[in-house]
Amino acid sequence: MPRSSSSREARASKNKSLVLEARRLGRYMRLNNRPMTRSLGPRIEEEIPVYLGSNERLITPAPVTDPADQYYGSDGFADVEFPDLPSPNVTLLQNSAVQNMAALINRYPREITLIALGPLTNVALLIKMYPAVRDNLKQIFIMGGNRHGVGNTESAAEFNFYSDPESANIVINNFEQSITLLPWETASKEELAIDRTWRFDVLGSADNPVVEILNAVESKVLRETDSWLPCDLLVPMVFANPSLITDQKHYHGDVELYGGLTRGMLVLDYKNEGIGNIGVIDNINKTMVEMILLDLVSLP
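Below is a short write-up of the structure.

Conventions used here
Residues numbered from 1 in each chain as written. Predicted model: local features only at pLDDT ≥ 70, side-chain atom pairs only at ≥ 80, totals over all residues. Heavy atoms only, no water. Helix = DSSP H or I, 4+ residues; strand = E, 2+ residues; numbered from the N terminus. Buried < 20%, exposed > 50% of the residue type's maximum accessible area, 1.4 Å probe, protein only. Patch = residues over 30% accessible without salt bridge, like charges linked within 9 Å, V, L, I, M, F, W, Y side chains within 5 Å. Areas by Shrake-Rupley, 256 points an atom, 1.4 Å probe, with all protein chains shown as cover. Salt bridge = Lys/Arg side-chain N within 4 Å of Asp/Glu carboxyl O. Axes fitted to C-alpha atoms, helices over the stretch in contact; angles between N-to-C directions. Parallel < 35°, antiparallel > 145°, perpendicular 65-115°, else oblique. Left-handed = near helix turned anticlockwise from the far one by under 90°. Contact = heavy atoms within 4.5 Å.

Some words on unusual backbone geometry
Between T60 and P61 the backbone carries a cis peptide bond, its omega angle lying at 0°. Position of P61 relative to the elements: it lies in the loop between helix 1 (5-31) and helix 2 (97-107). The phi torsion at R110 lies on the positive side, around 60°, for a residue other than glycine. Structurally, R110 can be placed in the loop between helix 2 and strand 1 (113-116).

Details of the side chain of D282
Note that D282 resides in strand 9 (residues 278-284). The class of D282 is buried, set by a relative accessible area of 10%.

Digging into a nonpolar patch on the surface
Together, I115, L117 and F239 line one region of the surface with nonpolar side chains, adding up to about 210 Å² of accessible area. Positionally, F239 belongs in helix 10 (residues 231-240). Assessed through its relative accessible area of 34%, F239 is described here as partly exposed.

With respect to the packing of helix 2 against helix 3 (residues 121-129)
For the pair helix 2 and helix 3, the least separation of the axes is 9 Å and the interaxial angle reads 60°. Comparing the axis directions of helix 2 and helix 3 gives the class oblique. Where helix 2 crosses over helix 3, the handedness of that crossing is right-handed. Taken together, the residues of helix 3 that come into contact with helix 2 (itself represented by V98, M101, A102 and I105) are N122, L125, L126 and M129.

Section: helix 6 (residues 165-174)
For helix 6, the tally of buried residues reaches 8 of 10 residues, placing the bulk of the element in the interior. Taken as a whole, helix 6 has its buried residues at P165, E166, S167, A168, N169, I170, V171 and I172. Lining the buried residues of helix 6 we find helix 3, strand 2 (139-143), helix 5 (159-163), strand 3 (178-182), strand 7 (253-255) and strand 9.

In structure tokens:
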């Protein structure tokens with residue numbers, strides 16, 4: 001049965017409230033020297049819980065970075081101001097992300113896939129604190145690392161691995177189940193870059209509350225570029241739609257910790273290509289990506 005216009009408006013308002021609640025919570029944590037948490041997925045039937053993770057990498061101090069070099073600003077939303085932020089749900093700050101992930105994974109062994117889109121600190125803590133997770137977690141999808149030593153932070157390291165090399169090392173070396181990895185070289189391929197005009201004039205024209213918020217953020221981030229690289233977005237997309245992957249190879253791998261020029265670099269065992277639990281995505285069907293995105297933003 002088609003939804004009424006009032007039902008669609010209520011759902012849109014509900015979805016936007018969830019996004020803004022996530023932003024308000026993230027700002028609260030940032031102002032209290034805590035890591036930012038964001039959730040852009042709409043609430044369909046029930047709320048998606050957002051838990052507090054680690055506020056620093058395993059080995060401190062972290063490298064000093066210039067705030068001007070932070071691609072999405074200090075809050076992950078390009079520091080764009082939204083006037084109607086709800087009050088934060090402070091009870092979420094009283095729960096540990098690692099503890100709750102472990103409880104869920106061990107309750108449903110070999111059923112849960114973990115999708116990691118940032119530095120792997122919480123995943124490393126999860127594996128070390130709750131060893132049973134190594135067998136009970138079905139698989140991990142990761143946005144991070146590099147394929148051919150091409151870096152976007154240092155000369156040979158991708159941002160997420162460089163931000164906490166020890167954690168990346170722990171995950172790569174201690175999790176023996178399937179790891180699907182989208183490296184920087186694939187995410188930044190010229191042929192996978194989406195035209196900025198298509199991003200805003202086609203995708204961005206959708207009557208969708210999440211798109212509305214992302215338009216405000218990405219119009220600021222992308223104002224000096226002609227293309228859009230939806231790196232993080234591609235990972236959950238290939239998880240939900242494996243047919244998007246057009247080229248993938250498997251390896252054993254490790255993460256360099258000691259190199260003065262290569263710290264944080266993913267090192268793959270090229271001599272034994274085809275053997276190993278790390279599936280490196282080398283290419284994705286861009287046309288299908290755009291079609292799926294248009295379908296997603298048209299959902300009520």
